[in-house]
Structures are given as structure tokens and as C-alpha cells.
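Fold and contact review
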Amino acid sequence: MKEKLKNKLLQILPIQYFFIPIISLFLGFFNIYGHIFYERNGTLVDSFTLIRNVKMIGLSVAFCVIMLVMVILVENITKGYKTDKPIYGRYSKILDNWKQVAIIIIFVWGVILIPFFPAVAGWDIVAQISEMTTVRSSISSENIFNVYPIAHYLTAGTPTMWSNQHGAFLTAIYGLTAKLSWKIFGTFLPAYIFLGFSQFFYAVFSYSYAISFFHKYIKNNFFKFIGIVLIIFNPVIVINSISLNKNPLFAISFVLFTTLVTQLIINKGNVSRIWTYLMLLSTVTGLIAVKWGWLLYLIMGILLLFTFLKTIWKKIVITIILPVTVFKLLLTLLISFGTIIPDDPIEAKGIQIQQIARYVKEYPDGISSSELKVLNKLFVVKNLGELYDPLISDPVKSSGYNKFSNPNKMGYRYKTVKSQDWKQFNKVWLSLLKKHPAVYVDAFMAKTAGYFDFRNKPYNDNPGTIPSDSIRGYGALQEKAHWLYNNKIRSKAIILFESLFQNKVFGFLFYGNFWIIAVLMLFPIFLRCWARMIIIIPVLLQIGVAVLSPVANSERYTLGIIYIGPILILILGISTKVLINQNQKRG
């Protein structure tokens, strides 16, 4: 028995042994000390105790043991090429054809989504439709880019309302579709029907194609069953299939992208023309969906180009690298011509401004006159302490309508700030860090800890309706569709969805932070070979995006990870030998 265990442990690679304790300590720390920041004024420095340290070490050891067991079990279960006898009998053949899988998903999701059809959306859609339907107003509060807001030096000199704040091309698609709908029908409802159903069928196709493809290569039925169940019956995945928002659209695109990357690896580069079209589709829709998508696809394009340099490098260039290049070039040109308003640089400084705001709150007299001079050009510094919310950076950014009626709600001086005012920002930020580093650590922990703490329930920002706001010059977003979005069936469905989300037994399966922790724990398994590693790299990049988002422990900003979680389980069911040997044969 001991000899057998020793042999199993010897099979674990050095790189896996390197990362397992690091990830274990990371998760142990955040799951013990991250809990402190449930309280909005939680502080790390005063919280180090012997009991907590012992708990952290014990939990870290537990994480370590679990990951070691997972590495051994997954490799042992999927060893070899032979596939287990299907537990589904003759019904297993249904999974061979993506169209048959699609019929099942359409039926199940369709029934679940009856109260929510044709679409749901968050507050972003108000801005996106406004930008494409209205013109500049002399009244500041009526210009939608003053609500986010965007600095006026970026909006000056151009009459456009079209901005890159929520993704310029997605804004154009949503906004112009809504505008056309209103012009023809006098309501936005046809736009919701078109956009909602288009996204729904895209989601159905992406998952159907994935299930059908992985079904052919998965050795163990356990992985297959768990993966498929989590795809079809996860209410977060289902409801977001018709959510008109950047995050769900990217998540759907990423499912298809990951499936196609795996297909490329398993088939050692021998892919069909259909693969080329689908990869182009997944890349372009992902680029349109989120502003940071270009970086993820560029990294993946380079990695795949390096991997398949001797075989299908042209297809990788055409389907990934070229779309990224064209996308960035077109966006840059449209911004330089004044057609699109660029997104405000403050959007990339969420954690930094949270740290400064917390510093002002705790050490209002700890800022020198020269530092205050720099910061006051950017912010109403005296308001920052009161505006500081550990869980969201929007108040400091002056987001919302409150600032129009209450000057004490103004944080970011978006009306008067200039581009050059940011030049000294990082210098002042570092200067304050040196004075009181603990404040910065607390602000960082308050903003990010929830993403890695399994006891911290995420902020449920999954929409269940459409905002009721009115678009200036047009009408209400629910015009002639009020009955669809305000009825007892929908209200009860939203309550049911919330109760499932809050369920203490299985609710965690719907949480973004659960899937982040799961991905980190699965990471050592994916280090077994380059083929697996290249698949999980873009998933890890999305964890960083979630951490940098404006909201702490948000469901919306982890949707890409929630959507891909079941796909990773399916990939685990594929033998490492299949991936390695198939990949080596290309050479």
C-alpha cells in the first residue's frame, strides 16, 4: 500500500508540486483572513491571532491534500484511451450530434426561461441605447456620459454620444437595433426579441457543439455526467443566455472558443473549414463583447501560433490574430477621428482609487500640501472618505445621478480634469503607500477577498428584468412591453431564482467565487502537459479581470468562469495521453 502510494506521488510532476503549496497557502489565507472584510471596516493588521494562523495553516494543508488527491485520481481515472461503456445506453448516441443536443437544451432552457423571455438586461443597456439614439444636450445631467461619467476633456471637440465606456461596437449593435425597432414599431420590444433570441441560440449552439465534441473523447462517464448536468441545469447559465450584457456574450463566445482550441489540439491541427468559420465567430463576438478581450485573444493567438507554427499557423493568424489587429486598429482610428469617445482612464484604476479613498477616510491629515494639490485636480478629496465604499468603486468615480443634486456626492472631477492631471497620480499613490501601507492592504483585501473566500456569498447582479428608464426623445424601455416585465409570473420566477441562489445546500454551484476557487484547485491538473495548460491560461486571466472590476465579489464579472467551469470538467475526462500523443503526432 505504501509502495503504491509512493509510486503515485512520484508520478506528480515537479511543476505540480511547486504550484500546489502556493495555491494552498493563497486559498488558506483568503478563506480565513478574507472573512474579516465581511465587516466594511475590517482591517488585517489588527486581526492576526494565533488561532487564525493555526486555522489558516490547517486549511492550507487541507487544500494541499485535496489537490494532491485530485491530481492522482484524475490521472488514474482517465489513463489510457479506452472509453467506459456508456451509462446512457442507446441514448448516448444522442450526444454524437450537436443538433440533437441542441434540441434537448432548447427544451429545458426554454421551459425555465418562459417567465423571462424575450430578454433581460442590466443598467448598461440604458447608456448603450441612449448613446445611439440621442444627441448632445445643453443640460449636463441629460447627457448619459455624465452619469457614468467620462471626463469632459475626452468628450470635448466632438458632437458624438458614442463612447467606448461599455464597448463601442457592442453599444452600436444594441443601440442601433433598438433605434431601428423604435422607428418602425414605436417600441423597443422587437429589438429585445431579436437580440435575446440571437444570443439564446448562440449559447445553445456553443454548449451543444461542446457537449457533442467532448462526448467523443471523454473516457470516464462521471466527468461527462457532471459536466452536462452543470451546463443544462445551472440557472445562472440559463438566465444569462438571454441577458443583453457584455459579460454573458463574452462567456458564451469563450465556451465556443475553448472547445475549438481543444479540438485543434486533439486533432493535431487537422481542422475543417467549419472550424475556421466557428473560430472566427467566437473571436469576433468575444472582441465585441468586452474591452479587454483583445488582450486575451492576442495571448492565446501567440501561444497557439507557437504551438502549431509548423502546421496551421495561417489559420491561427486569420481566425485570431488578424481579427484582434483589425479590431484594435479600427477602434483606434474611430477614436482618433472623434467618432468614438474613448473610455475614461479612471476605469483602469479601480483598486488604486479605492486605496486612496480609504487612506483619506482613515488619515485625512496624512496628506501633504503637494500631494493634496495633485489629488484635488482629480478628485474632491474632502468627499472621498465619506464616499468610500469597500465593495464598489463607483461612488469615488462620481457614477450615478446623486452628484447632480448633492455636491457632497462628487468624487471624481470629471468636468474639469485634464489628461496631464494624471501624470503625477502614480507618484502620489506610491507616496501614500509608503506612509501607511496597511491602509492599502485593507482596501485591496476588502475589494478582492470575496472572490477567493468560499464563505462569502457573491453579489447577485444577474438581471431578471429590463430597466424601466426612459430614453430622451423616444420613450420608456418597457414601452408596449410593460406587461411582459411586470407580472406575477415573472416576479415569482425572480424570487425563485434568488431562493436557488441563496440555497445553503447547492447554491454554491452558482457562485462565481466557487468556480474561481475550483479553477485554482484544478490548475495543477492542467499543468500535466502543455496541451492542458494552454486551455486553462485564458481562464486564469479572467480571474485577474474579476479582481480588477469595479464591484467586489460580483457574479456578473465572473460569468466567463462560471460558464467555462463545466467545460473544464469535461476536459478533465479526456486522457492526458490522448492530448499529449495527439499533439505530438502533429510534429
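Everything that follows concerns the structure shown earlier in this document.
What comes next concerns the included structure.

Conventions used here
- Residue positions are given per chain, counting from 1 as you read along its sequence in written order.
- With the structure being a predicted model, the display of local features is reserved for residues of pLDDT at least 70 and the display and counting of side-chain atom pairs for 80 or more, all residues being used for whole-chain, interface and lining totals.
- The basis for the side-chain values is all heavy atoms of the structure; hydrogens and waters are excluded.
- Numbering of helices and strands runs from the N terminus; a helix is a DSSP stretch of H or I covering at least four residues, while a strand is a stretch of E covering at least two.
- With the radius of gyration taken over C-alpha atoms, the globule rule is written as 2.2 Å times the number of residues to the power 0.38.
- Using a 1.4 Å probe on the protein chains alone, a residue whose accessible area is under 20% of its type maximum counts as buried, one over 50% counts as exposed, and one in between counts as partly exposed.
- A contact between two residues is defined here by any heavy atoms of the two lying within 4.5 Å.
- The positive count covers Lys and Arg only, the negative count covers Asp and Glu only, and His and the chain ends enter neither.
- In plain terms, the charge of a residue is placed at NZ if it is Lys, CZ if Arg, CG if Asp and CD if Glu.
- The criterion is simple. A nonpolar core is a set of buried Ala, Val, Leu, Ile, Met, Phe, Trp, Tyr and Cys residues joined through side-chain atoms within 4.5 Å.
- Here, axes are lines fitted to C-alpha atoms. For helices the fit covers the stretch in contact, and angles between N-to-C directions go from 0 to 180 degrees.
- Oblique is the label for every angle not falling under 35 degrees (roughly parallel), over 145 degrees (roughly antiparallel), or within 65 to 115 degrees (roughly perpendicular).
- Definitions for this section: a left-handed crossing has its near helix turned counterclockwise from the far helix by less than a right angle. A right-handed crossing has that turn clockwise.
- Ten residues, namely Ala, Val, Leu, Ile, Met, Phe, Trp, Tyr, Cys and Pro, are considered nonpolar, four, namely Asp, Glu, Lys and Arg, are considered charged, and the remaining ones, Gly among them, are considered polar.
- Whenever Lys or Arg places a side-chain nitrogen within 4 Å of a carboxyl oxygen from Asp or Glu, that contact is recorded as a salt bridge.
- Under the pairing criterion, centres of Phe, Tyr and Trp rings, with the six-membered ring standing for Trp, must be within 6.5 Å; the plane angle then separates stacked pairs below 30 degrees from edge-to-face pairs above 60, leaving the rest tilted.
- Here, a charge over a ring means that NZ of Lys or CZ of Arg falls within 6 Å of the ring centre while also lying within 35 degrees of the ring normal.
- Each helix should span, by expectation, one fewer than its residue count multiplied by 1.5 Å.
- Patches here: salt-bridge-free residues with over 30% relative accessible area, like charges joined within 9 Å, nonpolar side chains (Val, Leu, Ile, Met, Phe, Trp, Tyr) joined within 5 Å.
- Residue-level accessible areas treat just the shown protein chains as cover; the underlying method is Shrake-Rupley with a 1.4 Å probe.

Turning to the overall build of the protein chain, a few remarks are in order. Check the secondary structure of the protein chain and you find 26 helices and zero strands. For 587 residues, the compact-globule formula gives about 25 Å, and the C-alpha radius of gyration of the protein chain, at 25 Å, lands near that figure. Along the longest, intermediate and shortest principal axes, the C-alpha atoms of the protein chain span 70 × 65 × 55 Å. Going through the 587 residues of the protein chain one by one, you find that 57% of them count as buried. Expressed as a percentage of contacts within the protein chain between residues at least 6 apart in sequence, the contacts between residues at least 24 apart total 81%. Computed over 58 positive and 26 negative side-chain charges, the separation of the two mean positions in the protein chain equals 12 Å.

If you look at the biggest cluster of nonpolar residues, it comprises 198 residues, and the most contacted ones within it are W109, F379 and I567. Broken down by element, the residue count for this core peaks at 15 residues, all from helix α8 (residues 189-215). Setting aside residues no more than four positions away along its own chain, I567 makes contact with Y207, A210, F214, I231, V255 and T258.

Okay, the packing of helix α4 (residues 98-113) against α8 next. Relative to each other, α4 and α8 sit at 135°, their axes nearing to 8 Å. The pairing of α4 with α8 is recorded here as oblique in orientation. Note on packing geometry: the crossing formed by α4 with α8 is right-handed. Mapping the contact onto sequence places W98, V101, A102, I105, I106, W109, G110 and L113 in α4 and F200, F201, A203, V204, F205, Y207, S208, Y209, I211 and S212 in α8. The residue inventory of the contact of α4 with α8, partitioned by class, reads 15 nonpolar, three polar and no charged.

Our next topic: the pattern of salt bridges. Taken as a whole, this structure holds nine salt bridges when the rule is applied. Between E371 and K435 there is a salt bridge, with its nearest N and O atoms 2.8 Å apart. Note that E371 is positioned in helix α16 (residues 369-378) and K435 in helix α19 (residues 425-435), a separation of 64 residues in sequence. Relative accessible area serves as the criterion here: at 7%, E371 is assigned to the buried category. Judged by relative accessible area, K435 falls into the partly exposed class, the value being 37%. The partner of K397 in a salt bridge is D394, with the nearest N and O atoms 3.5 Å apart. For D394, a relative accessible area of 25% puts it in the partly exposed group.

We now examine the packing of aromatic side chains. Considering all chains together, one arrives at 40 aromatic pairs under this definition. Consider the rings of F379 and W422, whose centres lie 6.4 Å apart with planes at 90°: the pair is edge-to-face. One end of the pair, F379, is in the loop between α16 and α17 (381-387); the other, W422, is in the loop between α18 (402-405) and α19, and 43 residues separate them in sequence. Residue W422 is classed as buried on the basis of its relative accessible area of 10%. Among the aromatic residues, those joined into a cluster by ring pairs are W109, F117, F197, F200, F201, Y207 and Y563. A cation over a ring is seen here: K328 above W294, with NZ or CZ 4.5 Å from the ring centre.

A word on α8. With 27 residues, α8 ought to run about 39 Å at 1.5 Å a step, and its terminal C-alpha atoms sit 38 Å apart, in line with that. In terms of residue burial, α8 counts as a mostly covered element, since 21 of its 27 residues are buried.

Now for a nonpolar patch on the surface. On the surface, a nonpolar cluster with roughly 480 Å² of combined accessible area is contributed by I57, V61, V65, V69, L73 and I77. Its place among the elements puts V69 in helix α3 (residues 50-77). Of the residues examined, V69 reaches a relative accessible area of 39% and is grouped as partly exposed.

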